[in-house]
Structures are given as C-alpha cells and as structure tokens.
Amino acid sequence: MKFTYNPVETDIPNCKMRTGKLSEFYRIPNSVFLTPLLLLYSKSGSVTHLTREVLEMVADVPSQAVQVPLSNSVKCCSSIKNFKGGISKFAGLDECLTYCSVQDPAEETRGGYNEKTSISIWTNIGRQQLSAEKYMDMMEAFKPDMYHSLCDGDTNKNSSRKRAYKTLNVTGSMFRTCAERHAQSESLKHSMLLGVVEGGYELSARRDAARKMAACPAAQGYVIDGLHNNGPSVEDISYKTIRPVINETLKHLPEDKLRIVHGGWRPDVVLDLVNAGVDVFDSSLVYLAVERGSALTFTYKVLSTREFNGVPLTNGTHHHKNEKRKAFTEPITVDKTCRKLCRNYEINLNDKRYFDDFSPISRDCGCLTCTKHTRAYIHHLLNTKEMLSSVLLMIHNLHHYLQFFRAIREHGIKGQLLTIDPPIS
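Summarised in this report is the structure supplied together with it. Keep in mind that this is a model prediction, so the values were computed, not measured.

### Digging into the overall build of the protein
Scanning the protein from terminus to terminus reveals 14 helices and 20 strands. Its C-alpha atoms give the protein principal-axis dimensions of about 60 × 55 × 40 Å. The buried share of the protein, reckoned over its 425 residues, is 57%. Contacts in the protein between residues at least 24 apart in sequence constitute 72% of all its contacts with a sequence separation of at least 6. Split by element, the accessible area of the protein, about 18700 Å² in all, is 49% carbon and sulfur.

Below is the structure:
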C-alpha cells in the first residue's frame, strides 16, 4: 500500500488540510482511493439497506472503501474462515477496499467492560471478550486491506486522568502483540496495520501516545480514538470540544501517514477535522439519519478569506480575530430532548408536515430517490413501516454525503475550503 498526499495551499491561516490518494493495494492493484475519503458503513460487509445492484446506482463501486466493524460482523467469522476468501469476496465487494474496525461507530459502546488483556464488543448475541491473539485470529480470517490494532477506546470528555492513561498502556501492549502477529502472518502480509492513539482528553496522555505510536515502524497509519463512546451522541460534540486533543495528537504524528477518525460527526465538524489534517471518516451519520427517518439536506459553499477573517469555530461559523476566544474546556450541555430540533442539517420525514409535500427531498439532488419519489411518499412509507422507506433514505443520504466528500476533495485541490451554509446551530 502507498499513501501520498499534498498539502492544500490556501490563504486561510492555520489550515492543515491535505488531499491525497491510497494506491498499490496487493488485492486491488489498479484501484486508487482519493482522500479525504469516506468509508461506507456496513454490517457484516453489506452496506446497510442496499443490495449490491442498488449500491452501484448510488456510487462508483470500484472506487469505494467499506468499513467492516467487528462488533456487528463477528457472527460471520466462522463462515468467513471456512470460506477462506476473506470478507471482501464473502460480501461480494471484491473491487472495494475493506477496512476493519473493532467497535461499531453507529452503536453506543458500553463503558466499563474492558480489561487489561481483553476488550469487550457487543454483538447480537451479547458480550464477547477479545484478547489480542483472538482478535488477530479473526483478522487472519477476514483478510482486510486495512485494519487497526485491538485497542481500549473507552474514554470520553468525562473520563478521568487515570482512565486516560490506562487506555494508553493497554492499547500500547495490544499493539505490540498485534504487530508481532502481523509480521508473522501469511494471510495479512499484504494488509495495512494501523496504530491507535488513545489518551482520552488528557493532552499529556495524547502527546505520549502519539509519540510512542509515531516511533513504531509497524504502524502504517493511525486511528485517533477515544473521543467518544460512539452512537448518536457523537452528533452533539462540537469541534471546539475536541480541537485541543486533535491538535495535540496530530502535532506528534508523521505527516506522511494516513489519519483516521471514527464517529457520526456533524458535517461542520467533519470540515473542521478535514482542515486540521484528518484523511479518512466513516459514514455512520448516513445510517443514523436513516434510522430516525431523516434525509440529509445541508448545503455548503466555498469559504473565502474575507468571510474567515479569524479563527474557525464549531458549527461552520467564525468570529472576528479581535474577539475574545472562549475556553476549549466548555462542557457539552445539549438537552437530549432538543436534539432533533438542533439537527438543522436534515429533515425528519416522520413529521406530519410532509403528509402532502409532493416535492423531492432536494430539488438540486440527482439521486434516484429525489428524481422518482416525493417527501409525501417517503412520509407514508415511514408511517406504514415499509422497508422501502429505509432503502430510499439510504440512497439519498449516501449520495448526498458522497457528493459532499467529492466537493471537499475537488475544492481542496484548488486551495479552497468549504463551510456549511447556513451554519449549523
């Protein structure tokens, strides 16, 4: 595998965005994956709600990368092991790049269950504990193109300093075991092993973890983990909350290696992470929106130097350089009952206001859902609990998000940054 990148040249200060590409994978040598890259969220290797044929109508399949969370795919492990062809062929996605992660970014990870030598994952049949050796046995069966080492990412904004340092030590020990097995494995000799940087919100722990991982030649890229416990609550996290952690971590990682951040972040936070220098994201937000009956409708525009005139904040908004900056340690105070009202990057088609709305989800969208169906029809499908509602919403949401990432790359190459318009509240 080869990763090449180019820093984006822009007049916006403190921008560290880069565009690049992943290429020369042994299994798919002619495929090139452009960064910033969106990983297609899947369950057991299948992109949720879409058959292979429908997926081809939404995306150019050979240029896509699929995320396979182990927690929702471990039930397939014995079948994949007997199949001997790996998860890509097993799922019928031979042309796609496959990336294995431990936890499911769309499902909340239960805290307090990890131990010094094992990590807990929650499957449809309950809790399973994985040692580094057992995890590597599974990776040898899955044969992914990329995967990260087993890690203890059980931290969030409220985690203690002691807990943050514990994740650092446990993850470091597991990485060493995974790296040794990776080096000896015939099945994984062409796979890309990623190191995981933990440490919660303790900047000293993040600095130590990043430096140690940067010194490991076995790590071919990095996952910045431990910012949250996955699931819908990630959408409530503003960029200013994670900004010190992201900056401190990236400061100590080599620039010539891939950087991944998991989670269903809001689109404005994604843009801030891209501008900070993160290369790869997952599409769990797309799935989460579908599950609550919502369609993504946010728009974006090029951010000009005149509009910027200062330091980027959360929500795609900005303040003047002479304004006093608030502390980055401001706690999250989002009322859970108000979450739907705060999500002005989507429309919830369960709302009865769409009963007689015969317009498409978006008049500017060229996806199959918008060209053939109306908001009223999808509202009807949701209210009658028809499975087709999830299919149509997934078609639109995935198309919308892929177009978003395409715009990020295309404008990035031109030295232009994007901002959400209007800003997300």
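There is more to say, and it comes next.
### Description of the sheet that holds strand β3 (residues 33–35)
Judged by pairing direction, the sheet is antiparallel, and its three strands sit side by side in the order β1-β2-β3 without closing on themselves. On the outer flanks of this sheet lie β1 (2–7) and β3, each paired with one strand and no other. Neighbouring strand axes in the sheet, compared pairwise and without regard to direction, differ in orientation by 15° on average.

### Overview of empty space enclosed by the protein
For the coordinates displayed, the defined rule picks out four cavities of 30 Å³ or more. Approximately 210 Å³ is the volume found for the largest cavity. The wall of the largest cavity is formed by 19 residues, among which Q103, T109, G153, D225 and N230 lie closest to the centre. For the lining of the largest cavity, the residue count by class is three nonpolar, 12 polar and four charged. The space that makes up the second largest cavity amounts to roughly 40 Å³. Along the walls of the second largest cavity sit M17, L271, V274, N275, I408, Q416, L417 and L418, which together make up its complete lining. Among the elements that take part in the lining of the second largest cavity, helix α8 (residues 267–276) stands out by supplying three residues, more than any other. Among the residues making up the lining of the second largest cavity, the classes are represented as six nonpolar, two polar and no charged.

### Quick word on the pairing of strand β8 (residues 119–123)
Most of β8 is tucked away, with four of its five residues classed as buried. Where β8 hands over to strand β9 (residues 126–130), the hairpin turn is made up of two residues, counted between the paired strands.

### Some points on the packing of aromatic side chains
Counting across every chain of the model gives 13 aromatic pairs. Between F83 and F90 the ring centres are 5.7 Å apart and the planes differ by 70°, which places this aromatic pair in the edge-to-face class. The class of F90 is partly exposed, set by a relative accessible area of 33%. Measuring from ring centre to ring centre gives 5.7 Å for Y401 and F404, while their planes differ by 45°; the resulting arrangement is tilted. Pair noted here: Y401 and F404 are both in helix α14 (residues 388–413), with a separation of three residues, about one helical turn. Given a relative accessible area of 1%, Y401 falls into the buried group. Here a set of aromatic residues connected by ring pairs shows up, and it is made of F281, F298, Y300, Y401, F404 and F405.

### What to know about the pattern of salt bridges
Under the criterion given, the structure shown has 21 salt bridges. A salt bridge links D104 to K43, with the shortest nitrogen-to-oxygen separation between them at 3.6 Å. Placement of D104 in the loop between β7 (97–101) and β8 and of K43 in strand β4 (residues 37–43) is noted, with a sequence separation of 61 residues between them. The class for D104 is buried, based on a relative accessible area of 4%. What emerges from the salt-bridge pattern is a single network uniting E133, D137, E140 and R181.

### Topic: the side chain of T98
Its location among the elements puts T98 in strand β7. Taking relative accessible area as the criterion, T98 reaches 3% and is therefore assigned buried. Within the local environment of T98, its side chain forms a polar contact with the side chain of S88, the two groups lying 3.1 Å apart.

### A word on α14
With 26 residues, α14 should reach 38 Å at 1.5 Å per residue; the first-to-last C-alpha distance of 38 Å fits that figure. Taking burial as the measure, the 26 residues of α14 include 19 buried ones, the bulk of the element. G415, located one to two residues past α14, shows a positive phi value of around 80°.

### Notes on the environment of P267
Tracing the backbone through its elements, the reader meets P267 in helix α8. As for P267 and I347, which are separated by 80 residues in sequence, their C-alpha atoms are 14 Å apart.

### Focus: unusual backbone geometry
Glycine aside, residues mostly have negative phi, and peptide bonds are mostly found in the trans state. Cis peptide bonds are those with omega within 30 degrees of zero, and the linkage from T35 to P36 qualifies with 0°. Counting through the fold element by element, P36 comes out in the loop between β3 and β4. The omega angle of the peptide bond from D421 to P422 is 0°, so this bond is cis rather than trans. With respect to the helices and strands, the residue P422 is situated in the segment after β20 (417–420). At K84, a residue that is not glycine, the phi angle is positive and equals roughly 70°. Relative to the helices and strands, K84 is located in the loop between α2 (77–83) and α3 (86–90). Residue classification places K84 among the exposed positions, given a relative accessible area of 62%. In this model, K143 sits at a positive phi of 50°, which is unusual for a non-glycine residue. As for its position among the elements, K143 is in the loop between α4 (132–142) and β10 (146–148).

Definitions and limits used
- Residues numbered from 1 in each chain as written.
- Predicted model: local features only at pLDDT ≥ 70, side-chain atom pairs only at ≥ 80, totals over all residues.
- Heavy atoms only, no water.
- Helix = DSSP H or I, 4+ residues; strand = E, 2+ residues; numbered from the N terminus.
- Buried < 20%, exposed > 50% of the residue type's maximum accessible area, 1.4 Å probe, protein only.
- Contact = heavy atoms within 4.5 Å.
- Areas by Shrake-Rupley, 256 points an atom, 1.4 Å probe, with all protein chains shown as cover.
- Pairing = 2+ DSSP bridges.
- Axes fitted to C-alpha atoms, helices over the stretch in contact; angles between N-to-C directions.
- 1 Å grid on protein atoms, 1.4 Å probe; cavity = no way out; pocket = protein on both sides within 12 Å on 5 of 7 lines; lining within 4 Å.
- Points joined across faces, edges and corners; volume = space filled by probe spheres on them.
- Nonpolar A, V, L, I, M, F, W, Y, C, P; charged D, E, K, R; others polar.
- Phe/Tyr/Trp six-rings, centres within 6.5 Å; stacked < 30°, edge-to-face > 60°.
- Salt bridge = Lys/Arg side-chain N within 4 Å of Asp/Glu carboxyl O.
- Polar contact = N/O pair within 3.5 Å; in protein donor to acceptor, adjacent residues only side chain to side chain.
- Expected span 1.5 Å × (residues − 1).

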